[in-house]
Amino acid sequence: MTPSKKRRQMLLLMRDMAAAQTSYNKRVLGLRDSKRSLVAQHNKAAERLALLNQLLGIHEAMPRLAMLPEEEPEQQLTIITPAQLEQHAAAKKAAATKAAGGDAGLGGFVSGGGAGGAKGTAPASKAAADADSKGGTHAGSANGAQTAAPDSCVAAAAPGGLPAALSQAERRWLEVDRQQLLSEMLAQQSAFDGSLASCRQSRFELAVGLKAAEGQLLLMAKELEVLKDAQVRELVLEGKRADKAQDQAELAARLAEVNRSLDAKRAEGGAAAARKAAVMAELDVMLADQQAFRDSLTKIFNRRVKRSRRQAGSGGDGGDGSSDEGSDADEEDGGKQDSDEDDDAGDEVCPPGCEPGLYERVVELRERRLDDEEVAAEVSKVVEGIKKEREQLSKKAKLLEQSLAAINQDLLAFQQEKQGRLNQLPAIVALRLHQISHLEGGGLPADLSGGLVFSQQQLARLKQRMQELDTERAWLKQQQKELQRQASQLAADRAAKEAHLAELTGRCRDVQMLKFGQVIDVSLLDMIGVRNQGADELRKALKQQGHSSTAELTDWDARIAAKRRELLAMTRENTNTLNTVTGMARTQRSVEAAVMEGRSALWQDPLDNKRAALAQRDKLVATIHSQAGVLEALRNQIAVMRRKDTAVCS
C-alpha cells in the first residue's frame, strides 16, 4: 500500500459519501414535490368538501394547507410580502422627514399620521401573513377556517344560487361523495406519512453510515500519515531492488551472449576436428596400396613443423598490434627451436623409391592437418577464455542474486514493520445496543475503554469448552482413583510376595548352614557342574521380564509425564477461559486453591516403590558378581574334596 493508493481510497470513500447524501437529498426534494402536489390536491378537495358541507348543512372547519417557509427556503429570496413593502415605504418617509428638518410642522404631523397608519397596518399585515404561513400542513384555527370556507362556498354557489331543499336521494348521494372525498384525502395523507417515515428511517441509516464512513476516513488519514513516513525508506529500497534487477537482467543478457559465443566456438572446433578426421581418412586411403612406404610417409605426415604465425591482412598497410607483439614474443621465446626445426625441415627428402607426386600429396595433407590443428588450438584458447569469463559472470550473478535476496528480505521486513504500525492504529467498530453486554447498574458505563469486542459464537464456544473440561476433569479423577486402587492392590501383592520370598530365603539359608556351614549361592554351584537348562531358561525369562518391566516402567513414566503436561495445559486453558467470564471468577479461584492444596497427593507416583525395589535388586546382583572370586575359590575346594572321595556332609 502506497500513499497514492490510500489517497485514492479516501477520495473514493468521500465520493461514495457525497453520492449517498446527494441521493438522499434528491429523495427529500422528491418528497417535497409530492407534498406540494398533495397540498394543492388537498386544498382543491377542501373547497369541494366545504361546498358539500354547505349543501348538507354541516358546519365543519376545513383548514387550507400551505407549504411552510422553511420547507421552501429558496422562495424567500423571490417573494416580497406587502408588509415588507409597507415597512420600506415607512422607512423612506421617515428618512425624507428627517432630511427636511424645520419644515416638518403640519406636514410632519400628517406624515406622522401616515407613518402611524403604516405602522399600525404593517403589524396587522405581518400577523395575517404569519397566520397564513402557520397553516402549513397542519390544521389552522377555527376562526381562520370559518373565514375561508364561506368565501369558497359563496364563490361556488354565486352563479346559480343554492336550492331551497334537497331530496333524500340527492342528500344520500352528496353524503357518499363526501365520505369518498374524505377517504381519498385520508389515504393520500397516510401514504405521504408512510413515505415521510421511510425517509426518516433512511435518514437515520444514512447518518449511521456517514458516521461509520467518517470514522473509516479518520483511520485512513492516520494510515496515510504512517505511509507518508515510511514512503522515503520504501522508495530507497525499491530503487535498490530496481537497480539490482536491472544489473541482473544485463548480466543475464551478457551470460546468454557468452554462451552463444561458446557454442559458436565449439562448433568451429568441431568443424576443425572433422576436417582433420577427413585428412586422416584421405591419408589412409592414399597409403592403402603403398605398404612399403607407409611408415616413412606416415612419419613425414605426423612430423610437427614449426611455422610462422599467419598475419591477418598480410597484403595491407598494417596489421593488428597484438598479433605483431605475439609474433615478436614467439620469435624471442622459440628462436632456437625454429632454427632446429627449420633444419629438420630442410633435411626432409622424399624416401628413395617413392613417387614424388605421392610425397607432395602427403606434404600437402600435412599442411592441411597443421592448419586444422592451429585453428583447433586457437579455438581452444578462445573457449578457455570464454569459460573463464562465464565463470566470472556466474560468480557475479550469484553475488547479485544474494544481494537481491537480501534487499527483498529487507523490503519484506520493512513491509511487515509498516503493516505492524498500521495494525496498531485504533479502529472504529460500530455496535448496536443489543450487542453491548458491558453494563453497570443496568445501563451503559461512562467509559467503554475496559470493554472487549468479542464474538458471540466464540463466547458460546468457550462456555461449551468449560463444560467439556469439567467432564474431562471428572473422567481424569475417576481414572486416577482407579490407578490408585490398582497401585494399592499391587503394593499389597508385592508385600505378600516379598514376605514369601523372605521366608524361602530364610529356609534356604538354614539348609545351607546345616549342610555346608556357610551360605552358598546355589546358582553358582549349578554353573560349576553341568549347566541346568531350566535355570538358563529361568534366567533368560527373568532377564526378559526385567527388560519388559523396565520398558513398561519407562512407558508408564512417559505416559504419566504426558498426562501431567496435558493436565497442566488443560488447567491453564481452563484458567484462561474462566477468567473471561465474570460470574465464574470466584468459583475458579476456589477451585485453583483446592487443586494447589491437593497437588502433593494428586501427583504422587505409585511406581516409586517398585522403582526402588528394582534398584535394590540391581545392587544385590552387583554384589553377587563382586563375590565371583570367592565362589571360584569355593569351587576349587569342592573339586579337591571330590577328588579325595571325602563327604562334604556326613
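What counts and how
Residues numbered from 1 in each chain as written. Predicted model: local features only at pLDDT ≥ 70, side-chain atom pairs only at ≥ 80, totals over all residues. Heavy atoms only, no water. Helix = DSSP H or I, 4+ residues; strand = E, 2+ residues; numbered from the N terminus. Buried < 20%, exposed > 50% of the residue type's maximum accessible area, 1.4 Å probe, protein only. Contact = heavy atoms within 4.5 Å. Areas by Shrake-Rupley, 256 points an atom, 1.4 Å probe, with all protein chains shown as cover. Salt bridge = Lys/Arg side-chain N within 4 Å of Asp/Glu carboxyl O. Phe/Tyr/Trp six-rings, centres within 6.5 Å; stacked < 30°, edge-to-face > 60°. Lys NZ or Arg CZ within 6 Å of the ring centre and 35° of its normal. Axes fitted to C-alpha atoms, helices over the stretch in contact; angles between N-to-C directions. Parallel < 35°, antiparallel > 145°, perpendicular 65-115°, else oblique. Left-handed = near helix turned anticlockwise from the far one by under 90°. Nonpolar A, V, L, I, M, F, W, Y, C, P; charged D, E, K, R; others polar. pLDDT = per-residue confidence, 0-100. Patch = residues over 30% accessible without salt bridge, like charges linked within 9 Å, V, L, I, M, F, W, Y side chains within 5 Å. Polar contact = N/O pair within 3.5 Å; in protein donor to acceptor, adjacent residues only side chain to side chain. Arc of directions from axis to C-beta.

**Q** Sorry if this is basic, but what is going on with the overall build of the chain here?
**A** On a plain count of helices and strands, the chain comes out with 16 helices and zero strands. In the chain, buried positions account for 19% of the 650 residues. Partitioning the intrachain contacts of the chain with sequence separation of at least 6 by distance along the chain shows that 82% fall at a separation of at least 24. For the chain, the accessible surface area stands at approximately 46300 Å², while carbon and sulfur atoms represent 56% of it.

**Q** Please clarify how the pattern of salt bridges should be interpreted in this entry.
**A** Side chains that carry opposite charge are capable of pairing whenever their charged atoms lie near each other. Scanning the model with the defined rule gives 23 salt bridges in all. A salt bridge links arginine 254 to glutamate 257; the nearest nitrogen and oxygen atoms lie 3.5 Å apart. In this pair, arginine 254 and glutamate 257 are both assigned in helix α5 (residues 168-286), three residues apart and thus about one turn of the helix distant. The exposure class assigned to arginine 254 is partly exposed, which follows from its relative accessible area of 33%. Residue classification places glutamate 257 among the partly exposed residues on the basis of a relative accessible area of 38%. The salt bridge partner of lysine 276 is glutamate 373, with a shortest N-O separation of 3.3 Å.

**Q** Can you walk me through the packing of aromatic side chains in this structure?
**A** Following the criterion strictly, the structure yields zero aromatic pairs and no others. The side chain of arginine 559 reaches across the aromatic face of tryptophan 556, ending 4.4 Å from its centre.

**Q** Would you mind showing me how to read the packing of α5 against helix α9 (residues 356-423) here?
**A** Each pair of packed helices can be described by the angle between their axes along with the distance between the axes. The contact between α5 and α9 brings their axes to 6 Å, and the two run at 165°. Taken together, the axes of α5 and α9 are roughly antiparallel relative to one another. Note that α5 runs across α9; the crossing there is left-handed. Residue classes in the contact of α5 with α9 are distributed as 30 nonpolar, eight polar and 30 charged.

**Q** I'm lost on the confidence of the model for the chain in this one. Help?
**A** The predicted coordinates of low-pLDDT regions are not to be read in fine detail. Considering every residue of the chain, the mean pLDDT works out to 75; 74% of them sit at 70 or more. Of all the helices and strands in the chain, helix α4 (residues 142-157) carries the lowest mean pLDDT, 34, while helix α10 (residues 456-515) carries the highest, 91. A low-confidence stretch, residues 310-346 stays under pLDDT 50, and its non-local contacts, those more than four residues away or across chains, total 17 contacts. Under a pLDDT of 50 for its full length, residues 644-650 has, in the predicted model, seven contacts with residues more than four places off or in other chains.

**Q** Honestly, a nonpolar patch on the surface in this entry has me stumped. Any pointers?
**A** Among the surface-exposed residues, Val429, Leu431 and Val453 lie close enough to one another that they form a single nonpolar patch of about 290 Å² accessible area. Secondary-structure assignment places valine 429 in the loop between α9 and α10. Residue classification places valine 429 among the exposed residues on the basis of a relative accessible area of 53%.

**Q** Any chance you could explain the packing of helix α1 (residues 3-56) against α5 here in plain terms?
**A** Contact pair α1 / α5: the axes reach a minimum separation of 9 Å and the direction vectors enclose 165°. Compared by their axis directions, α1 and α5 come out roughly antiparallel. In this structure, α1 crosses over α5, and the sense of that crossing is left-handed. Taken together, the residues of the contact of α1 with α5 sort by class into 30 nonpolar, twelve polar and 13 charged.

**Q** Is there a simple way to think about the side chain of asparagine 53 in this case?
**A** Note on placement: asparagine 53 falls in helix α1. If near-sequence neighbours (up to four positions away) are discounted, asparagine 53 is found in contact with Ile58, Glu60, Met62 and Arg178.

**Q** How should the side chain of glutamate 234 be read in this particular structure?
**A** By secondary structure assignment, the location of glutamate 234 is in helix α5. The exposure class of glutamate 234 is buried, given its relative accessible area of 9%. Within polar-contact distance, the side chain of glutamate 234 engages the side chain of glutamine 415 at 3.1 Å. Once you skip the residues sitting within four places of it in the chain, glutamate 234 turns out to touch Met1, Phe414, Gln415 and Lys418.

**Q** Can you walk me through helix α6 (residues 294-302) in this structure?
**A** Each α-helix winds once per 3.6 residues, and so residues spaced three or four apart point in a common direction. Buried within α6 are the following residues: Leu297, Ile300 and Phe301. The arc that holds every buried residue of α6, seen down its axis, measures 100°, which confines them to one face. Exposed side chains of α6 directed beyond 90 degrees from the buried face belong to Asp295 and Lys299.

**Q** What am I meant to see in the environment of leucine 462 here?
**A** Counting through the fold element by element, leucine 462 comes out in helix α10. Residue leucine 462 is classed as partly exposed on the basis of its relative accessible area of 21%. Distance in space between the C-alpha atoms of leucine 462 and threonine 577 is 6.5 Å, their sequence separation being 115 residues. Residues in contact with leucine 462, not counting those within four places in the same chain, are Phe454, Thr577 and Thr580.

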